[in-house]
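# Report on the structure
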Amino acid sequence: AFYTPLKLVEKEAIRCRKLVQDLLTFSRAGKEEKEIVDVKEVIEEAVSPVTAQSKVSEVEFVKEIESALPKICANRNQIQQVIINLCNNALDVMPAGGKLTVRACKALRNEKDFVEIQVQDTGPGIPEEIQSRIFEPFFTTKEVGKGTGLGLSLVYEIVQKNDGFITFQTQAGQGTTFYVYLPAG
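The structure reproduced in this document is the subject of the present report.

Reading the values: the criteria
Residues numbered from 1 in each chain as written. Predicted model: local features only at pLDDT ≥ 70, side-chain atom pairs only at ≥ 80, totals over all residues. Heavy atoms only, no water. Helix = DSSP H or I, 4+ residues; strand = E, 2+ residues; numbered from the N terminus. Buried < 20%, exposed > 50% of the residue type's maximum accessible area, 1.4 Å probe, protein only. Contact = heavy atoms within 4.5 Å. Polar contact = N/O pair within 3.5 Å; in protein donor to acceptor, adjacent residues only side chain to side chain. Pairing = 2+ DSSP bridges. Axes fitted to C-alpha atoms, helices over the stretch in contact; angles between N-to-C directions. Salt bridge = Lys/Arg side-chain N within 4 Å of Asp/Glu carboxyl O.

## Some words on the overall build of the protein chain
- Along the protein chain, the regular secondary structure elements total 4 helices and 7 strands.
- Helices and strands appear in the protein chain in the N-to-C order α-β-α-β-β-α-β-β-α-β-β.
- Within the protein chain, the fraction of its 185 residues that count as buried is 38%.
- Pairs at least 24 apart in sequence give 71% of the contacts found in the protein chain among residues at least 6 apart.

## Focus: the side chain of Arg76
- Residue placement: Arg76 occurs in helix H3 (residues 76–92).
- By relative accessible area, Arg76 is classed as buried at 17%.
- Separated by 3.0 Å, the side chains of Arg76 and Glu41 make a polar contact.
- Residues contacting Arg76, with those up to four places away along its chain left out, are Glu35, Val37, Glu41, Val42 and Glu45.

## Considerations on the side chain of Asp121
- Mapped onto the secondary structure, Asp121 falls in strand E5 (residues 112–121).
- Only 2.8 Å separates the side chain of Asp121 from the backbone nitrogen of Gly123, close enough to count as a polar contact.
- Excluding residues that lie within four positions of it along the chain, Asp121 makes contacts with Ala90, Val93, Met94, Lys99, Gln174, Gly175 and Thr176.

## Observations concerning the sheet that holds strand E7 (residues 175–183)
- Strand order in the open sheet formed by 5 strands is E2-E4-E5-E7-E6, with mixed pairing between adjacent strands. Two strands lie at the open edges of the sheet, namely strand E2 (59–65) and strand E6 (165–171), each paired on one side alone. On average, adjacent strands in this sheet sit at an angle of 15 degrees to one another, irrespective of strand direction.
- Pairing geometry for E2 and strand E4 (residues 98–109), over 7 bridges, is parallel.

## Quick look at the pairing of E4
- Pairing of E4 with E5 involves 10 bridges; the strand directions are antiparallel. The residue of E5 that forms the bridge with Leu100 is Asp121.
- If you look at the hairpin formed by E4 and E5, you'll find 2 residues sitting between the two strands, and Asn110 has a positive phi there, around 50 degrees.

## Description of the pattern of salt bridges
- Taken as a whole and assessed by the stated rule, the structure comprises 10 salt bridges.
- In this structure, the salt-bridge partner of Glu44 is Lys63, at a minimum N-O distance of 2.7 Å. Within this pair, whereas Glu44 is found in helix H2 (residues 39–56), its partner Lys63 is found in strand E2, the two being separated by 19 residues in sequence.
- Using a relative accessible area of 36% as the deciding quantity, one classes Lys63 as partly exposed.
- When salt bridges that share partners are traced, they join Lys40, Glu44 and Lys63 into one network.

Just geometry here; none of it tells us what the structure is for.
Spelled out as structure tokens, the structure:
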């Protein structure tokens, strides 16, 4: 008779732990050291758990990384967190399967060299009415207990603290691509 209530308590405890972890990561976002980072290595390390998860969710996982990427000066763990968060969100919006693509290439923006990291899904796309809010802290479209609403706001914060910027393109029924730009050097 106690099984169901205990399961609910356990589920809520796990949800609370995740929220606290996200809050701690969010509060520490600017306090860690930057170093010269090989983006290819960072992506490889970040996507290894995502690769396993994509197989379980029947999502085709594709990696396209330009061979001669410039190095960046950034916080390695934070950049991995950005990639993991974007990939996890992509997997979440494709519960019936799809295609997740992670790309990295050189890019020129405002006459400056950047490394561009793309995370693309074939999910339903982001509805127009919420596009302006997706980077707000605590904004989420996930059902109660499934998300904290810190994922994309944390991604935005980390990218900014690493002197970069993030944009996205989305189309209903066609999916979404996030573009993360980090300065080369």
